[in-house]
Every structure is written in C-alpha cells, then in structure tokens.
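Observations on chain architecture
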Amino acid sequence: MGTFLGHIVPGLLLILLGIWHAFSTNKSYNLKGPKNFTSKIWYPFNSKHKQKELIFIFLFSLLSVLMLLLDFPLLNFSFQLINFEHATMFFHLAIFALFTLFADLNPSSNSLSKFSSILGASFFGQQLFLLRFHSADHIGLEGHYHWLLQLIVFVSFSSALTATACPASFPAALILSISVLFQGCWFMNMGFNLWFPKFAPKACRSEKYMFGKVTCETHGAELRAKAVANLQFSWILSGILVITGLICLSLDRKCNLRGQSTDYEQLHSSRVGDGVQITIVTEEPKPAYP
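What you see is a predicted model; the values in this text were computed from it and never measured. (Residues numbered from 1 in each chain as written. Predicted model: local features only at pLDDT ≥ 70, side-chain atom pairs only at ≥ 80, totals over all residues. Heavy atoms only, no water.)

What follows is about the packing of helix H1 (residues 4–36) against helix H6 (residues 170–195). Closest axis-to-axis distance for the H1/H6 pair is 7 Å, and the angle between their directions is 160 degrees. As far as their axial angle goes, H6 and H1 are roughly antiparallel. Both H1 and H6 take part in a crossing whose hand is left-handed. Partitioned by chemical class, the residues of the contact of H1 with H6 number 20 nonpolar, ten polar and no charged. (Axes fitted to C-alpha atoms, helices over the stretch in contact; angles between N-to-C directions. Helix = DSSP H or I, 4+ residues; strand = E, 2+ residues; numbered from the N terminus. Parallel < 35°, antiparallel > 145°, perpendicular 65-115°, else oblique. Left-handed = near helix turned anticlockwise from the far one by under 90°. Nonpolar A, V, L, I, M, F, W, Y, C, P; charged D, E, K, R; others polar.)

Spelled out as structure tokens, the structure:
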C-alpha cells in the first residue's frame with residue numbers, strides 16, 4: 001500500500017462500498033420501518049447476482065495479499081514487515097467475505113450468519129491495531145495523515161461493534177457506512193498529497209519510494225501542512241454528510257410519494273331500497289418499494 005496506486009485503488013473500492021451501503025441502509029430503513037429494521041454487514045445487488053459484493057471483496061483481498069507479498073511492481077517475494085502488515089489487513093477482509101458468503105449460501109445456519117457480523121467488526125479492529133502499532137516510523141506530515149486515518153477507523157470499529165450488538169440501531173448502521181466512505185476518501189486524499197509530487201503542500205516535497213515521503217523545508221511549513229490536512233479532514237467529512245443527507249432526503253421523498261398515492265379512501269355506494277348505503281374502505285399505505 002506504500003504507493004500512489006496502493007492508496008487510490010483501495011480508496012476507490014471503499015468509496016463505492018460506502019455509497020452502496022449508505023443507500024441500501026436508508027432504503028432498508030424506509031422499507032421496513034423503525035420497528036422491523038435490521039442492519040446488515042453486506043447488501044445484495046440483485047436477485048440474480050446477490051453475492052457479487054462478497055465475491056468481489058474476497059477476490060480483491062486475495063489479489064491485494066498476493067501483490068503485497070510479491071512487492072508489486074518488482075514481482076519478487078518481499079519479506080518486508082510493513083508488507084506483511086498490510087497483507088494481514090486484507091487477509092482479515094478475505095476471511096470476513098468468505099465466511100459471510102458461506103453463511104448466505106447456507107441460510108439455515110443462524111450462528112454463522114451472526115458470526116459474519118463479528119468478523120466484520122474484527123476486520124476494523126485488526127485494521128486499527130495494525131495502523132496504530134505500525135512497524136514503519138510514520139513521522140512528520142505523513143504521521144499526521146495516518147493519525148487522522150486511525151480516527152476514522154476507530155469510528156468504523158466502534159459502529160461495527162454497536163451494529164453487531166444492536167442490529168436494530170439505524171444510526172450505528174448509517175455511521176458505519178459513512179465511516180467506510182470516509183476511509184475511502186481519506187485513502188485517496190493521502191495518495192495524492194503524500195505520493196503525488198504536484199500535490200505536495202507548499203514548501204514541502206514528496207520523496208518517492210521512501211518512507212517519510214513528504215519533507216518540509218521548515219518547521220513552520222510542516223505546521224501549515226498539518227493545518228491544511230485538518231481542513232481537508234473537515235471538508236471531506238462535510239461533503240460526505242451532504243451526500244448522505246441527499247440520499248436520505250431522496251429516499252424519504254420517494255417513500256412519502258408512494259405512501260400518499262396509496263393512502264386514500266374509496267367510497268362504494270349501493271342502493272338499498274329507497275336509500276343509499278355508503279361503505280368507507282381505507283387502505284393502509286404500502287411500502288415505498290415493492
């Protein structure tokens with residue numbers, strides 16, 4: 001992961017997963033309502049290829065482990081400790097995807113289905129653990145970016161634990177989706193600011209193929225670069241919250257329109273002798289989605 005593409009590609013995957021889960025969580029909440037809502041650690045795309053998300057995560061994780069062990073693009077077996085640490089993160093993600101796939105293929109196993117939620121929380125816990133006790137000495141500006149990343153992963157870990165213990169909690173499920181999306185955006189932001197020379201902060205330069213990639217000319221320049229990173233953190237979070245809010249508004253509006261179209265009173269009249277008998281039939285609103 002210590003390359004530009006090593007941050008951009010996983011970041012893009014996390015962004016897609018975060019948006020998909022934020023949309024699906026809101027849709028499920030509008031469909032089932034507060035009383036019947038149950039959070040999920042994954043959501044099927046469609047009835048024909050419902051496990052596509054899990055299969056993609058599993059294959060991507062295995063490919064990432066292989067590329068890290070082969071030290072791509074050098075293509076030789078690497079015994080660098082940092083590569084093993086990054087590969088271990090993807091290995092835990094592969095374990096989660098594999099057993100969750102088995103649980104979906106064997107719906108009679110309730111214990112395995114619950115265990116997959118624990119595996120999801122365990123992945124974020126291992127990610128936080130390995131980032132916190134990283135063998136690479138992340139110092140200076142790079143260390144600050146990684147420290148902010150740990151804050152996001154901590155939120156993912158906490159919300160995943162809460163969603164596992166309280167599956168009916170809509171806020172926990174939505175926060176988990178937001179934090180996954182935030183992780184993806186921050187990975188991409190790190191890739192550009194730490195590994196792309198043109199995006200290096202003012203009075204700082206990017207050192208390729210070296211840890212401690214960004215070095216600043218003065219202490220003041222480093223402080224300014226860290227302050228800019230803090231602003232980026234806040235601005236990215238603001239953008240994610242706006243996107244999530246728009247998703248909520250869109251689905252709520254669609255739900256309300258569907259409900260209004262079905263919530264009506266139908267009058268049936270039939271003549272009985274000289275009078276008219278009026279029967280009022282009220283239909284309950286149907287879910288927003290079939």
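After presenting the structure, the write-up continues.
So, on to the packing of aromatic side chains. Applying the stated rule across the entire model yields 16 aromatic pairs. Where Tyr 29 meets Phe 170, the ring centres are 4.1 Å apart and the plane angle is 25 degrees; that geometry is what we call stacked. Residue Tyr 29 is found in helix H1, and its partner Phe 170 is found in helix H6; the two are separated by 141 residues along the sequence. We classify Tyr 29 as partly exposed; its relative accessible area is 26%. Between the aromatic rings of Trp 186 and Phe 233, the centroid separation amounts to 5.5 Å while the plane-to-plane angle is 80 degrees, which identifies the pairing as edge-to-face. Placement of Trp 186 in helix H6 and of Phe 233 in helix H7 (residues 219–262) is noted, with a sequence separation of 47 residues between them. Judged by relative accessible area, Trp 186 falls into the buried class, the value being 0%. We classify Phe 233 as buried; its relative accessible area is 17%. Through pairs of rings, three or more aromatic residues link up here, namely Tyr 145, Phe 182, Trp 186 and Phe 233. For the cation-ring pair, Arg 132 lies above Phe 133, with the distance from its terminal atom to the ring centre recorded as 5.7 Å. (Phe/Tyr/Trp six-rings, centres within 6.5 Å; stacked < 30°, edge-to-face > 60°. Buried < 20%, exposed > 50% of the residue type's maximum accessible area, 1.4 Å probe, protein only. Lys NZ or Arg CZ within 6 Å of the ring centre and 35° of its normal.)

One can describe the packing of helix H3 (residues 81–105) onto helix H4 (residues 110–132) by two numbers: an axis separation of 9 Å at closest approach and a directional angle of 170 degrees. Considered as vectors, H3 and H4 are oriented roughly antiparallel to each other. Facing Glu 85, Thr 88, Met 89, His 92, Leu 93, Ile 95, Phe 96, Phe 99, Thr 100, Phe 102 and Ala 103 of H3, the residues of H4 in contact are Leu 112, Ser 113, Ser 116, Leu 119, Gly 120, Ser 122, Phe 123, Gln 126, Gln 127, Leu 130 and Leu 131. Considered class by class, the residues forming the contact of H3 with H4 number twelve nonpolar, nine polar and one charged. (Contact = heavy atoms within 4.5 Å.)

Confidence along the protein chain averages 83 in pLDDT terms, with 82% of residues attaining 70 or more. Considering only residues more than four positions removed or in separate chains, one finds that residues 261–274, a stretch of pLDDT under 50, has 30 contacts. In the model, residues 278–290 has pLDDT below 50 throughout and makes 33 contacts with residues more than four positions away in sequence or in other chains. (pLDDT = per-residue confidence, 0-100.)

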